[in-house]
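Close look at the chain arrangement
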Amino acid sequence: MQLINTFGGKEMNVVRLFCLLCVCSVLFGCKSVSRKQSSGEQKAKGEIDTVSRISIKYAKGFWLEERDGYMVLNIKDPQESSHTHYQYALVPRGVKVQTPGNMPVVQLPVRSAVCMTSLQLSNFIKLEAMDRVVGITSTRFLFNPEMQKRVEEGKTLRIGIEGNFDNEVIMSINPDLMLISPFKRGGYDAVKDIGVPLVPHLGYKEMTPLGQAEWIKFVGILLGMEDVANREFDRIEQRYNSLKAMVGEVQRRPVVFSGELRGGVWYAVGGKSFLAQLFHDAGADYFLKDDPRSGGVTLDFETVYNQAESADYWRIANSFAGEYCYDALKAQDERYADFKAFKEKHVIYCNMRQKPFYESMPAEPEIVLADMIKVFHPEILPDYEPVYYDILKK
């Protein structure tokens, strides 16, 4: 009997302990649910956690900082030719937070925007967010069918050009922001009075193809499409680096020069530029590869001829009405025919009247790289059909 009473007491203690554990489990479970609900409430109120979702790997012109309840978007010149530093407070739409009084505020997600350049537009096209573009500067070389339709239907309006904006049109569309290029002609003072945030988009000054393409994340942040931007850039990066690896250690690296004479001046870019990097990644050497500049370079014909007369290839991108050919090139300047690349019909050409050079190409460096590899090392991509650049045939 004593044994049974003792066992019964132990059994009761076990039951009590089990009940206590159940109660604790419920209490802690409630706290856990409470935390999840609290987190969900914060998300519902528009908490921004973009900093943890956006990683900048190549672009030098923008970065994010996390603050209490908002983010700071930092923008600078990737080439550091200007030391101006722009900052914007990115605040969830409809949420009131304390931000520095001298810092412009941009509410996210941006519902409507004005694009000042085709390069900016290329990011919206790649994100399939053209419905957010309510204003553009020009439609002269607009290729995208959806954007053409939006213009025709009056959903996207022309706002004029830099230095000569139509403020009435801008006020009528009342965009959430305007993407601008502050180092160009400008004329934004009058626009500032309207109260529309002016946000610089400096992707065109990046010095690497992947750096320029990564500005899709910049636009993705503004539109609340970070995940889409990440996925798209990851695809671009993977394809670009895969192609670059295919070139590997090629046995021979042809020399390529670029540009044309305009008004007696030859316009090219330095050896630390986007274009020089693209040629290198495609297995070629740029004729100014040792030049330390990252931006534009102006040269006279004699200087170019001395350095590029025996170069293997000549890259040209222009806007030519009609069918471009070697005769048309020679007609511009007879001295062009003295270049080896001209004689051997090794001119790499893109007609911007026929191809979306600025509208799509900045967001597709992997395609441009493939075009160049096809020219310099055709055996690597034997079945590839060029998209933007090809050898000028006639």
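Just so you know, these numbers come straight off a predicted model, no measurement behind them.

A closer look at the sheet that holds strand 18 (residues 347-351)
The strand order across the open sheet formed by five strands is 15-12-17-18-19, and the pairing between neighbours is mixed. Looking at the sheet topology across the chains shown, the edges are occupied by strand 15 (285-286) and strand 19 (390-391). Where strand 12 (residues 255-258) meets strand 15, two bridges bridge the pair, whose relative direction is parallel. Each residue of the ladder has a partner; that of Val 255, found in strand 15, is Asp 285.

Re the sheet that holds strand 13 (residues 260-262)
Strand order in this open sheet of three strands is 13-14-16, and the pairing throughout is antiparallel. If you trace the sheet from one side to the other, it starts and ends with strand 13 and strand 16 (296-299), each paired once. Across the sheet, the mean angle separating the axes of adjacent strands is 40° when strand polarity is ignored. When strand 14 (residues 265-269) meets strand 16, the two strands line up antiparallel, connected through four bridges. By the bridge assignment, Val 269 is partnered in strand 16 with Gly 296. Most of the contacts of helix 11 (residues 301-308) go to strand 16, to which it runs at about 105°, and overall it touches strand 13, strand 14 and strand 16.

A word on the environment of Tyr 286
When you line up the elements, Tyr 286 lands in strand 15. Taking the relative accessible area as the measure of exposure, Tyr 286 reaches 2% and is therefore buried. Leave out the neighbours within four places in its chain, and Tyr 286 touches Val 256, Phe 257, Ser 258, Ala 268, Val 269, Gly 270, Gly 271, Ala 276 and Phe 279. Among the polar contacts listed, one links the side chain of Tyr 286 to the backbone oxygen of Val 269, at a separation of 2.7 Å.

A few points about the confidence of the model for the protein chain
Here the protein chain averages 86 in pLDDT, and 86% of its residues register 70 or above. When the criterion is pLDDT under 50, residues 1-46 qualifies, and its contacts beyond four places in sequence or with other chains add up to five contacts.

Description of the packing of aromatic side chains
Two aromatic rings are characterised by how far apart their centres lie and by the angle between their planes. Counting across every chain of the model gives 26 aromatic pairs. With centroids separated by 4.9 Å and ring planes inclined at 70°, the aromatic side chains of Phe 320 and Tyr 324 adopt a geometry described as edge-to-face. Accessibility expressed as a relative area gives 25% for Phe 320, which makes it partly exposed. Here Tyr 324 falls in the buried class, since its relative accessible area comes to 4%. An angle of 15° between the planes, with centres 4.3 Å apart, marks the rings of Tyr 324 and Tyr 349 as stacked. Of this pair, Tyr 324 sits in the loop between strand 17 (313-318) and helix 12 (326-332) while Tyr 349 is found in strand 18, placing the two residues 25 residues apart along the sequence. No difference in accessibility class separates Tyr 324 from Tyr 349, as the two residues are buried. Put simply, the rings of Phe 257, Trp 266, Phe 279, Tyr 286, Phe 287, Phe 301, Tyr 305, Tyr 313, Trp 314, Tyr 336, Phe 339 and Phe 376 touch in pairs and so form one group of aromatic residues.

Procedures and definitions
- Residues numbered from 1 in each chain as written.
- Predicted model: local features only at pLDDT ≥ 70, side-chain atom pairs only at ≥ 80, totals over all residues.
- Heavy atoms only, no water.
- Pairing = 2+ DSSP bridges.
- Helix = DSSP H or I, 4+ residues; strand = E, 2+ residues; numbered from the N terminus.
- Axes fitted to C-alpha atoms, helices over the stretch in contact; angles between N-to-C directions.
- Contact = heavy atoms within 4.5 Å.
- Buried < 20%, exposed > 50% of the residue type's maximum accessible area, 1.4 Å probe, protein only.
- Polar contact = N/O pair within 3.5 Å; in protein donor to acceptor, adjacent residues only side chain to side chain.
- pLDDT = per-residue confidence, 0-100.
- Phe/Tyr/Trp six-rings, centres within 6.5 Å; stacked < 30°, edge-to-face > 60°.

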